[in-house]
Number of protein chains: 2
Amino acid sequence: MNSIPIAEQHVDFLKTLLGARCLSGEAITANYASDHTEDFVFYPSVVVKPESTEEISAILKYCYTNDLIVTPSGARTGLSGGALADKGGVLLSMERMNRILHIDEENHQVTTEPGVITEMLQQAVREKGLFYPPDPASKGSCFIGGNIAENSGGPKAVKYGVTKDYVLNLEVVLPNGEIMWTGANVIKNATGYNLTQLIVGSEGTLAVVTKIVLRLLPHPTHDLLLLVPFRKATEACAAVSTLFMAGIIPSGLEFMERDAIIYTLPHVDDPPEILKDDHDAHLLIELDGFNADVLLQDAEKIMGLLEQYDIDEILFAETQAQKDSLWKLRRKVGEAVKSHSVYKEEDTVVPRYHLPQLLESVKRIGKAYGFHSVCYGHAGDGNLHINILRGDLADHAWNEELPKAIRELFTEVVKLGGTISGEHGIGLVQRSYMDIAFSEVQLELMRAIKRVFDPKNLLNPGKVLPDKPNV
Amino acid sequence: MNSIPIAEQHVDFLKTLLGARCLSGEAITANYASDHTEDFVFYPSVVVKPESTEEISAILKYCYTNDLIVTPSGARTGLSGGALADKGGVLLSMERMNRILHIDEENHQVTTEPGVITEMLQQAVREKGLFYPPDPASKGSCFIGGNIAENSGGPKAVKYGVTKDYVLNLEVVLPNGEIMWTGANVIKNATGYNLTQLIVGSEGTLAVVTKIVLRLLPHPTHDLLLLVPFRKATEACAAVSTLFMAGIIPSGLEFMERDAIIYTLPHVDDPPEILKDDHDAHLLIELDGFNADVLLQDAEKIMGLLEQYDIDEILFAETQAQKDSLWKLRRKVGEAVKSHSVYKEEDTVVPRYHLPQLLESVKRIGKAYGFHSVCYGHAGDGNLHINILRGDLADHAWNEELPKAIRELFTEVVKLGGTISGEHGIGLVQRSYMDIAFSEVQLELMRAIKRVFDPKNLLNPGKVLPDKPNV
């Protein structure tokens, strides 16, 4: 099962440095070989679990000098394979870098290590009345550092933005072991190039993030949740921009097509009775703020706006338990579909008005190529997750034909002004499609930036950027 | 007066390409030689006024091949000299790239050329009920392209963020003439490195921006403006974080010390009667939103919170004319102080709780070095503008001693977690202080990124980044 071993002397060095926090050979457990992407299994040669920036610097410096590949890795909840050691080498697990260093209530900021679970960070600042909005579906297990690497989104992005919108400053270790900060702890900064935003979303290919300064907001005191059943899925998509054009900014606006709900209901305790025979899709709409009356007024406005569509009765979640149950349903879709079949997950994003066209394209291309898809996601952002089920597709159809269908779909997405990943990143699985989103001029710039940070191409090589085409 | 001429053949080429839209020699008027920084005058050798991306590409390609320096230039309202042709060469004036290309109401986006005046862009989208928040003091004359180059802020940044937070996608021309887009027209994007944010704030040193896609918001329907006189300036600074810690997010939170108001009152028509003898500083507090009652409730909360400070009676602006008059006062401070004396403007920014410390440091250092400063700015962001007046300072004090004082001040700012420019950029005048904000490791990364885009160092050379130190 294990990957290509690396020379014994290197393992010895790392064991001397880290003791029991360095694993090799049979000691490497299966959890270090997989994330949540398809059914991939890639064992690293060595797993290291540093506890400080200085240890990470020492590890990177050694690996850089000795030409060892390093893959930074968080909680491995990723959906594009970015944290997998597909070329063997050293897996740099950030699990021990798990301390919240300082909640700065006076400046609405938090400084944290990258190995803190996102939801625990949210809860810790919540106790001070503060709010860190980005909440990927995996928030109960993913690391904040992984969120930085992938520029994660989640339902609240529609009102509050994504991870990048909260990152003020990062301490990073460069591939050669140098330690630096990328910016300053301020919400306004016009001092030099924006290295902070270059690192956010770079999927661990430019540097290893070791400390994170995030800005926070006051925590909203009220919220409201509506579930709206539509008889036509494309109308659910169309309703999304109708709300925005009327000036509504929900704090969540999620789309689930019928199949997403059918697959997921058996996976939640006490499944809510929400699905009737004529429901084709649902919108889950959350409003939040500091004033209950305002939220009720907005909810009424929403109900008025939705009358133009063919909808069934709107469900108002009345208790916190009911809200939790609906959100759990939404968050479990990916996992539930996966338990049914291996799938490829596409993470398309378009300007939101074009969502109906995107959904139609997905279904049309699926029909032409004979694949079944389950669609859901952050409709308010124009971000549609497409789970393409393997089901009983033969190897040829899965490995040779499906990539053509995905290429066709991504080409449509880019034509609509969108791009191929909204929040899951490119990692391993989407890099061969990068030429659809970018020209060679753009890709060459990105490759050159990668070389600036990592001239020996040792930090998470072969992720994000496609190989240069043979000409 | 004119700068180093360039070879006649180059002027001929550019004149053939652009006709009367290429100026040289005596035809170059004084307005192309200055921006709003101190009293600088630098004449370019040639001024070109392209009207299309293709023309810009042709100009850059020619200049790149022929080793000609190019300085991109907007409305030249900048405060750090970034758009000045201090090395002569070609001044690329974007004044003819002045069309708003598409207001996309359905997706809350606008696509514009860079030479559109920011306020005109705001008005155009306002007519559709949409809102582009960033509003630098010079909004009536600056170009949106210049705002991108400098990552401009303005009063509304405290609630709505700065320019970078609205830029979705940019069409740029690279120094060698290649044309590309940096991203996609989506509000969520996890596809490759964030080239968009690398260009924003790069002050025209990496590429020339030719088209801009901005996201927009629904325009708030109500606002409210309060002017609060404080008897101690440091208490005005301290009150800023008091409001945020109570969960208030104003849409403007501006600080003006006594002298700022004294200098500015004679420069506005019908000056409001706001300054009493015992007023040491004022806070101008704006609230905006979609519900008048909520704003009133917030205003009451603010008044309660401010009771703990030594304040005089709060002025509520009751009419639009009164609001306009107060905002005009605030926006005119820079200009008014300048008419009094040449000054150096520092654009310090710290985490907002540290504002009182920053103000004290400014005054302490000023006293030690014998300079007079006028302080004002975006207190809600921790962004303090410091106009250091030349007054009757001798050349030695101005040219030799003052830089030492600024160095001391910036060192304090960085110690407080802040940085040396919040929204004015580094340009020409702050580059020699970059070593205070960044280590050589960071600066070398930035220099290497510059080389990736501009290997011949022809696009706005000598701006932003300091020269490599001799070791």
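Just so you know, these numbers come straight off a predicted model, no measurement behind them.

What about the pairing of strand β8 (residues 167-173) of chain A?
All names here are of chain A.
Part 1 of the argument: Of all seven residues in β8, seven are buried; the element is thus mostly enclosed.
Part 2 of the argument: In the sheet, β8 pairs with strand β10 (residues 208-215) via six bridges, with the strands oriented antiparallel. Bridge assignment links V172 to a residue of β10, and that residue is V209.
Part 3 of the argument: As judged from the three bridges shared by β8 and strand β9 (residues 179-181), these two strands associate in the antiparallel manner. The partner of E171 across the bridge, within β9, is W181.

Thoughts on the interface of chain B and chain A
Part 1 of the argument: Between chain B and chain A, the residue contacts involve 80 residues of the former and 80 residues of the latter.
Part 2 of the argument: Summing the contributions of chain B and of chain A, the shared interface buries around 6200 Å²; its carbon and sulfur component is 65%.
Part 3 of the argument: Three residues stand out in chain B for area buried against chain A, namely K188, T191 and Y193 of chain B, and they jointly supply 15% of the buried area on that side.
Part 4 of the argument: At the junction of chain B with chain A, the criterion picks out four salt bridges.
Part 5 of the argument: At the boundary of chain B and chain A, one finds 32 residue pairs in polar contact (both at pLDDT 80 or more).
Part 6 of the argument: Here the side of chain B that touches chain A takes nine residues from helix α15 (residues 440-453) of chain B, the largest share from any one element.
Part 7 of the argument: Of the residues assigned to the side of chain B that touches chain A, the class counts are 36 nonpolar, 32 polar and twelve charged.

Considerations on the side chain of N169 of chain B
Residue and element names in this part refer to chain B.
Part 1 of the argument: Mapped onto the fold, N169 is located in strand β8 (residues 167-173).
Part 2 of the argument: Note on N169: relative accessible area 4%, which makes it buried.
Part 3 of the argument: Looking at N169, its side chain comes within polar contact range of the side chain of N185, at 2.8 Å.
Part 4 of the argument: In contact with N169, not counting residues within four places along its chain, are W181, T182, G183, A184, N185, T196, K211, I212 and V213.

Brief notes about the relation of the copies chain B and chain A
Put simply, the second copy of the chain is the first one after a rotation about an axis and a shift along it.
Part 1 of the argument: Mapping chain B onto chain A is achieved by rotating through 180 degrees and translating by 0.0 Å along the same axis, at an RMSD of 0.0 Å. Given the turn and translation reported, the copies of this chain are related as if by a two-fold rotation axis.
Part 2 of the argument: Comparing contact sets, 100% of the residues at the interface of chain B also lie at the interface in chain A, consistent with an isologous, same-surface contact.

Here's the deal with the sheet that holds strand β1 (residues 22-24) of chain A
Residue and element names in this part refer to chain A.
Part 1 of the argument: Strand order across the open sheet formed by four strands is β1-β2-β4-β3, with mixed pairing between neighbours. Unpaired on one side and paired on the other, β1 and β3 (70-73) mark the two borders of the sheet. Along the sheet, successive strands turn relative to each other by an average axial angle of 20 degrees, direction set aside.
Part 2 of the argument: Examined bridge by bridge, β3 and strand β4 (residues 90-93) share four bridges and lie parallel to one another. Bridge pairing in β4 places S73 opposite S93.
Part 3 of the argument: Strand contacts of helix α2 (residues 53-65): β2 (46-48), β3 and β4, with the helix running at about 165 degrees to β4, the strand carrying the most contacts.

What to know about unusual backbone geometry
Part 1 of the argument: Of note in the backbone geometry, E203 of chain A takes a positive phi value of approximately 55 degrees without being a glycine.
Part 2 of the argument: Here E203 of chain A is to be found in the loop between α6 (195-199) and β10.

Digging into the pattern of salt bridges
Part 1 of the argument: According to the stated counting rule, one finds 68 salt bridges over all chains in the structure shown.
Part 2 of the argument: Overlapping salt bridges, with partners in common, bring together R231, K276, D278, D310 and D312 of chain A in one network.

Points about helix α7 (residues 233-245) of chain B
Residue and element names in this part refer to chain B.
Part 1 of the argument: When you tally the buried positions in α7, you get ten out of 13 residues, the bulk of the element.
Part 2 of the argument: Listed in full, the buried residues belonging to α7 are A233, E235, A236, C237, A239, V240, S241, T242, L243 and F244.
Part 3 of the argument: Contacts made by the buried residues of α7 are with α5 (157-160), β12 (222-230), β13 (252-257), β14 (281-289), α9 (292-306) and α12 (355-369).
Part 4 of the argument: Backbone geometry just after α7 places G247 at a positive phi near 90 degrees.

Structural notes on the packing of helix α12 (residues 355-369) of chain A against helix α13 (residues 395-415) of chain A
Residues and elements named next belong to chain A.
Part 1 of the argument: Running from amino to carboxyl end, α12 crosses α13 at an angle of 160 degrees, the nearest separation of the two axes being 10 Å. Between α12 and α13, the angle is such that the two are roughly antiparallel. Between α12 and α13 lies a crossing whose hand is right-handed. Two secondary-structure elements touch here, α12 through L358, S361, V362, R364, I365 and Y369 and α13 through E401, K404, A405, E408, L409, E412 and V413.
Part 2 of the argument: Along the lines of polarity and charge, the residues of the contact of α12 with α13 split into seven nonpolar, one polar and five charged.

Some remarks on the state of the cysteines
Part 1 of the argument: Enumeration according to the criterion identifies zero disulfides over all chains in this entry.
Part 2 of the argument: Looking at C375 of chain A, it has no disulfide partner, and the nearest cysteine sulfur is the one in C237 of chain A, 8.5 Å off.

A short note on helix α11 (residues 333-340) of chain A
Residue and element names in this part refer to chain A.
Part 1 of the argument: Those residues of α11 that fall on the buried side of the exposure criterion are V333, G334, A336 and V337. What you see down the axis of α11 is that its buried residues fit within an arc of 165 degrees, all on one side.
Part 2 of the argument: At its buried positions, α11 is contacted by β13 (252-257), α8 (258-264), α10 (320-331), β16 (343-349), β17 (372-378) and β18 (383-389).

Some remarks on the domain arrangement of chain A
Residue and element names in this part refer to chain A.
Part 1 of the argument: Partitioning chain A into structural domains gives domain 1 (8-93), domain 2 (100-218), domain 3 (222-334) and domain 4 (341-430).
Part 2 of the argument: For domain 3 versus domain 4, the distance between C-alpha centres works out to 23 Å.
Part 3 of the argument: With 18 residues of domain 3 in contact, the opposing surface of domain 4 contributes 21 residues.
Part 4 of the argument: In this assembly, domain 3 packs against domain 4 so that about 1600 Å² is buried in total across both faces, 65% of it on carbon and sulfur atoms.
Part 5 of the argument: Across the domain 3-domain 4 interface, the total number found is one salt bridge.

Here we look at the environment of E95 of chain A
Residue and element names in this part refer to chain A.
Part 1 of the argument: With respect to the helices and strands, E95 occurs in the loop between β4 and β5 (100-104).
Part 2 of the argument: Taking the C-alpha atoms as reference points, E95 and G161, separated by 66 residues in sequence, lie 26 Å from one another.
Part 3 of the argument: Ignoring any residue separated from it by four or fewer positions in sequence, one finds E95 in contact with Y32, K49 and F143.
Part 4 of the argument: Side-chain polar atoms of E95 contact the side chain of Y32, separated by 2.7 Å.
Part 5 of the argument: Among the polar contacts made by the side chain of E95, one reaches the side chain of S93 at a distance of 2.5 Å.

Description of the sheet that holds strand β6 (residues 109-112) of chain B
Residues and elements named next belong to chain B.
Part 1 of the argument: Read across the open sheet, the five strands follow the order β5-β6-β10-β8-β9; overall the sheet is antiparallel. Each edge of the sheet is formed by a strand with only one pairing partner; in this case those strands are β5 (100-104) and β9 (179-181). Taking each pair of neighbouring strands and ignoring which way they run, the sheet shows an average axis angle of 10 degrees.
Part 2 of the argument: Helix α3 (residues 118-126) rests against β5, β6 and β10 (208-215) of the sheet, and its axis sits at about 35 degrees to β5.

Observations concerning the nonpolar core
Part 1 of the argument: Membership of the largest hydrophobic core comes to 183 residues, with the highest contact counts inside it found for F255 and L306 of chain A together with F255 and L306 of chain B.
Part 2 of the argument: Contacts of F255 of chain B, omitting those with residues within four sequence positions, involve A233, A236, C237, A281, H282, L283, L359, C375, Y376, G377, A379 and L384 of chain B.

What about the packing of aromatic side chains?
Part 1 of the argument: A complete count under the given rule lists twelve aromatic pairs over all chains for this structure.
Part 2 of the argument: Directly above the aromatic system of Y343 of chain A lies the positively charged group of K338 of chain A, at a separation of 6.0 Å from the ring centroid.

Notes on the pairing of strand β12 (residues 222-230) of chain A
Residue and element names in this part refer to chain A.
Part 1 of the argument: In terms of burial, β12 is largely enclosed, as seven of its nine residues are buried.
Part 2 of the argument: As defined by bridge partners, β12 adjoins strand β14 (residues 281-289) across nine bridges and the pair is classed as antiparallel. Each bridged residue has a counterpart across the sheet, and for L226 the counterpart in β14 is I285.
Part 3 of the argument: In this sheet, strand β15 (residues 315-316) lies alongside β12 in antiparallel orientation, the contact comprising two bridges. Within the sheet, the bridge partner assigned to L226 lies in β15 and is F316.

The rules behind the values
Residues numbered from 1 in each chain as written. Chains lettered and ligands numbered in written order. Predicted model: local features only at pLDDT ≥ 70, side-chain atom pairs only at ≥ 80, totals over all residues. Heavy atoms only, no water. Buried < 20%, exposed > 50% of the residue type's maximum accessible area, 1.4 Å probe, protein only. Helix = DSSP H or I, 4+ residues; strand = E, 2+ residues; numbered from the N terminus. Pairing = 2+ DSSP bridges. Contact = heavy atoms within 4.5 Å. Buried area = accessible area lost by both parts, 1.4 Å probe. Salt bridge = Lys/Arg side-chain N within 4 Å of Asp/Glu carboxyl O. Polar contact = N/O pair within 3.5 Å; in protein donor to acceptor, adjacent residues only side chain to side chain. Nonpolar A, V, L, I, M, F, W, Y, C, P; charged D, E, K, R; others polar. Least-squares fit on C-alpha atoms with pLDDT ≥ 70 in both. Axes fitted to C-alpha atoms, helices over the stretch in contact; angles between N-to-C directions. Parallel < 35°, antiparallel > 145°, perpendicular 65-115°, else oblique. Left-handed = near helix turned anticlockwise from the far one by under 90°. Disulfide = S-S within 2.5 Å. Arc of directions from axis to C-beta. Domains from an automatic or database assignment. Core = buried A, V, L, I, M, F, W, Y, C linked by side-chain atoms within 4.5 Å. Phe/Tyr/Trp six-rings, centres within 6.5 Å; stacked < 30°, edge-to-face > 60°. Lys NZ or Arg CZ within 6 Å of the ring centre and 35° of its normal.

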